Amino acid sequence: MVAMRAWESVGTGERSDSEELRWDLRMAEDTRVFRRERRNGRNLEENGNVPRILPFQTSIEPMVWSAAPDFVLYQLQQQAPQPRRIVCTMEVENKPKYYGREFHGMISREGTDALLGDVEGSYLIRESQRQPGSYTLAIRFGGTTKNFRLYYDGKHFVADKRFDTIQNLVADGLITMYIEAKAEEYIKRMTGEPIYEPCGYLSLRKRTSRVVTTFSRTVTTATIDEVDNFSSISSSTSQSSENSSLDLALSPSKRASTEASSYEKPHNFKVNTFRGPHWCEYCANFMWGLVAQGVKCADCGLATHKQCSKVVPNDCQPHMKYIKKVYGIDLTTIVKAHNTTRPVVVDNCVQEIERRKDGLLSEGLYRVSGFNDDIEEVKLSFDKDGAQADISESTYEDINTIAGALKLYFRMLPIPLITFDVYPKFIEAAKIADDKDCLRKIHETLDELPPAHFQTLSFLMAHLHRVAKCEKFNLMTAENLGMVWGPTLMRLADTNSLAGLTDLKFQRRAVELMIKFQDALFN
């Protein structure tokens with residue numbers, strides 16, 4: 001609200017806390033009023049709620065506001081000079097087909113000034129005399145001629161923004177130059193004095209995260225207990241005793257179990273063109289221009305100025321309205337969208353495998369491939385139905401289909417479970433010959449994983465440990481599981497690098513040790 005109060009008339013003096021509160025409430029109410037009127041299509045100027053801005057002012061003077069001050073930028077856009085094309089009356093040779101009658105061929109700067117005259121917003125295109133074949137857009141603004149190198153790649157542009165027509169490019173440029181000239185100081189303050197939380201974004205996300213359905217992800221362990229009771233595999237628990245026989249003396253993990261809503265996640269901003277007037281959700285100011293007025297988070301929908309996006313906190317609360325699928329989505333993004341500790345695919349697939357009577361005993365579990373068509377069906381089911389996807393035995397009798405869908409989920413992650421950042425440290429740890437030293441290094445590296453990745457890896461390793469305990473039946477030892485899962489859980493960012501091939505044996509060893517000693521490493 002500091003930015004709003006800055007526009008109050010000069011000379012009012014300091015206010016008490018109660019006066020400050022009344023002022024904040026009045027400004028919030030004014031904001032709601034003018035935005036409601038704008039949605040209803042009313043003319044705010046007729047209602048007297050629009051601040052008066054004198055044309056050709058070089059700066060904006062403080063004034064008394066009866067509506068929210070962020071409306072000033074909208075008013076400035078309305079007052080920006082209109083583009084006026086200077087038409088060439090002669091036939092120009094070698095005119096590019098993508099330019100119209102505003103193209104005047106090869107003329108001098110002096111000739112350009114004469115043609116543009118003193119009319120604000122007038123423009124033309126000329127070919128450079130110094131560099132034939134390159135083109136310049138000349139615009140009259142602020143009493144001088146502004147020259148811009150003009151490019152075309154299917155759309156017209158002079159910088160980042162692309163336009164279908166020269167008229168739109170000039171109109172957008174005039175708006176930008178006019179606003180920057182009239183409200184330079186105000187724009188500088190926008191990111192320094194945001195009203196991010198008072199605007200309601202944070203409180204809205206907090207309310208949303210509380211009401212999102214929290215899916216129960218408690219793995220059914222009844223079938224595991226039944227497996228442990230088989231006298232024929234009572235001796236297969238030797239691996240679990242390795243934790244005690246190998247005195248690791250590992251320090252407690254620094255990683256505490258956290259709620260998904262508290263995971264830190266940067267916003268996934270993309271340049272966006274907004275239809276109709278739009279206001280920044282960070283600084284509450286108008287987003288000016290005709291196209292690419294700002295950026296919008298592809299995961300939560302937060303819309304801001306491009307410059308504001310650089311200082312927005314890493315507090316993205318993704319929503320399935322924007323994500324619309326499960327596979328191929330960043331892991332932290334999907335758990336925050338579902339408000340779960342781990343991805344629903346991981347929990348549901350593991351739960352289904354361990355629920356089935358002979359699930360953990362299935363020979364070649366995770367090594368034997370399921371039918372590709374069935375695996376694709378499971379993928380589409382999760383993308384469409386999320387946690388409600390039907391992967392029951394009556395629908396998919398072959399357990400390898402469920403196992404294959406789980407492996408496919410991890411392969412499709414844009415950032416693997418063992419992230420690119422920590423991958424080199426895992427490989428270096430796996431190169432250590434001594435198991436104790438290797439495990440200590442892995443233990444240290446685990447704490448560098450993002451919370452969602454750590455929780456998911458811990459859960460998966462516990463599951464694979466139970467699979468390995470049944471190796472007498474499924475023939476899947478920790479070593480075999482490491483060979484299958486190593487390349488699935490970790491990879492180089494450069495998939496074309498030959499280093500990935502030489503790392504395979506170290507990937508296998510790292511996963512094998514995490515399976516064998518999962519309790520010591522994660523708990």
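Residues numbered from 1 in each chain as written. Predicted model: local features only at pLDDT ≥ 70, side-chain atom pairs only at ≥ 80, totals over all residues. Heavy atoms only, no water.

(A) Molecular detail of the overall build of the protein. A tally of helices and strands in the protein yields 24 helices and 8 strands. Looking at the protein as a whole, 49% of its 523 residues qualify as buried. In the protein, once contacts between residues fewer than 6 apart in sequence are set aside, the share between residues at least 24 apart is 66%. Of the accessible surface of the protein, which amounts to about 25800 Å², a share of 49% is contributed by carbon and sulfur atoms. (Helix = DSSP H or I, 4+ residues; strand = E, 2+ residues; numbered from the N terminus. Buried < 20%, exposed > 50% of the residue type's maximum accessible area, 1.4 Å probe, protein only. Contact = heavy atoms within 4.5 Å. Areas by Shrake-Rupley, 256 points an atom, 1.4 Å probe, with all protein chains shown as cover.)

(B) Up close: the nonpolar core. Formed by 74 residues in total, the largest nonpolar core has its most connected members in Y366 and W485. In this structure, W485 is in contact with Y366, L406, K407, F410, L460, L464 and V511, ignoring residues within four places of it in sequence. With 45 residues, the next largest nonpolar core counts Y74, L137, M287 and C316 among its residues. (Core = buried A, V, L, I, M, F, W, Y, C linked by side-chain atoms within 4.5 Å.)

(C) How the structure looks around the environment of T89. Take T89: it is sitting in the loop between β1 (84-85) and α5 (109-116). Under the relative-accessibility criterion, T89 is labelled exposed at 74%. With 12 residues separating them in the primary sequence, T89 and R101 have C-alpha atoms 7.9 Å apart.

(D) View of the packing of aromatic side chains. Under the defined criterion, the tally for this structure stands at 14 aromatic pairs. Geometrically, the ring pair formed by F103 and Y135 is edge-to-face, given 5.7 Å between the ring centres and 65 degrees between the ring planes. Of this pair, F103 sits in the loop between β1 and α5 while Y135 sits in strand β3 (residues 135-141), and the two are 32 residues apart along the sequence. Like F103, the residue Y135 is buried in the burial classification. On the numbers, 5.4 Å between centres and 20 degrees between planes, the contact of Y151 with F157 is stacked. Of the residues examined, Y151 reaches a relative accessible area of 38% and is grouped as partly exposed. Ring pairing ties together the aromatic residues Y98, Y99, F103, Y135 and Y152, which thus form one cluster. Above the ring of F157, the side-chain terminus of R162 is found at 3.6 Å from the ring centroid. One Lys or Arg, K431, reaches over the ring of F506 and ends 5.4 Å from the middle of that ring. (Phe/Tyr/Trp six-rings, centres within 6.5 Å; stacked < 30°, edge-to-face > 60°. Lys NZ or Arg CZ within 6 Å of the ring centre and 35° of its normal.)

(E) Structural detail: the sheet that holds strand β4 (residues 144-152). Here 5 strands make up an open sheet; going across it, the order is β1-β2-β3-β4-β5 and the pairing mixed. In this open sheet, the two strands that pair with only one neighbour each are β1 and β5 (156-157). Here helix α6 (residues 166-182) sits on the sheet in contact with β2 (122-127), β3, β4 and β5, set at roughly 45 degrees to β3. (Pairing = 2+ DSSP bridges. Axes fitted to C-alpha atoms, helices over the stretch in contact; angles between N-to-C directions.)

(F) Structural detail: a nonpolar patch on the surface. Taken together, the side chains of L498, L501 and L504 make up a nonpolar region of the molecular surface, amounting to roughly 330 Å² of accessible area. Checked against the element boundaries, L501 lands in helix α22 (residues 499-502). (Patch = residues over 30% accessible without salt bridge, like charges linked within 9 Å, V, L, I, M, F, W, Y side chains within 5 Å. Salt bridge = Lys/Arg side-chain N within 4 Å of Asp/Glu carboxyl O.)

(G) The packing of helix α14 (residues 344-355) against helix α16 (residues 399-411), seen in detail. The geometry of α14 relative to α16 is characterised by a closest axis approach of 10 Å and an angle of 155 degrees between their N-to-C directions. In terms of orientation, α14 lies roughly antiparallel with respect to α16. Judged by the twist between their axes, the crossing of α14 over α16 is left-handed. Counting all contacts with α14, which are made through V345, V346, C349, V350, E352 and I353, the residues of α16 involved are I399, I402, A403, L406, Y409 and F410. Taken together, the residues of the contact of α14 with α16 break down into 11 nonpolar, no polar and 1 charged. (Parallel < 35°, antiparallel > 145°, perpendicular 65-115°, else oblique. Left-handed = near helix turned anticlockwise from the far one by under 90°. Nonpolar A, V, L, I, M, F, W, Y, C, P; charged D, E, K, R; others polar.)

(H) Looking closely at the environment of A292. For A292, the position within the fold is in the loop between β6 (269-272) and β7 (294-297). For the pair A292 and V271, spaced 21 residues apart in sequence, the C-alpha separation works out to 6.0 Å. The residues contacting A292, other than those within four sequence positions of it, are K161, V271, N272 and T273.

(I) Up close: the confidence of the model for the protein. For the protein, the average pLDDT comes to 79, and 73% of its residues sit at 70 or higher. Taken as a whole, residues 198-245 scores under 50 in pLDDT and shows 71 contacts with residues more than four places along the chain or in a different chain. (pLDDT = per-residue confidence, 0-100.)

(J) Just the sheet that holds β7, in detail. Strand order in the open sheet formed by 3 strands is β6-β7-β8, and the pairing between neighbours is antiparallel. Edge positions in the sheet fall to β6 and β8 (303-304), since each of these pairs with one other strand and no more.

(K) Seen up close, unusual backbone geometry. Residues other than glycine seldom take positive phi values, yet N339 does so here, at roughly 55 degrees. Assignment of secondary structure puts N339 in the loop between α13 (331-338) and α14. Phi angles above zero are rare outside glycine, and L475 is one such case at about 60 degrees. Mapping L475 onto the fold places it in the loop between α20 (471-474) and α21 (478-489). A relative accessible area of 43% places L475 in the partly exposed class.

(L) Local environment of the pattern of salt bridges. By the definition in use, this model includes 19 salt bridges. Note that R466 is salt-bridged to E354, the shortest N-O span being 3.0 Å. A residue pair is termed long-range when its members are at least 10 positions apart, and R466 in helix α19 (residues 451-469) and E354 in helix α14 qualify at 112 residues. A network of salt bridges, in which partner residues are shared, links E352, R355 and R356.

(M) Molecular detail of the environment of V467. Here V467 shows up in helix α19. Once the C-alpha coordinates of V467 and T477 are considered, the two residues, 10 residues apart in sequence, prove to be 8.1 Å apart. Leaving out residues up to four positions away in the same chain, V467 has contacts with L360, L365, Y366, N474, M476 and L481.

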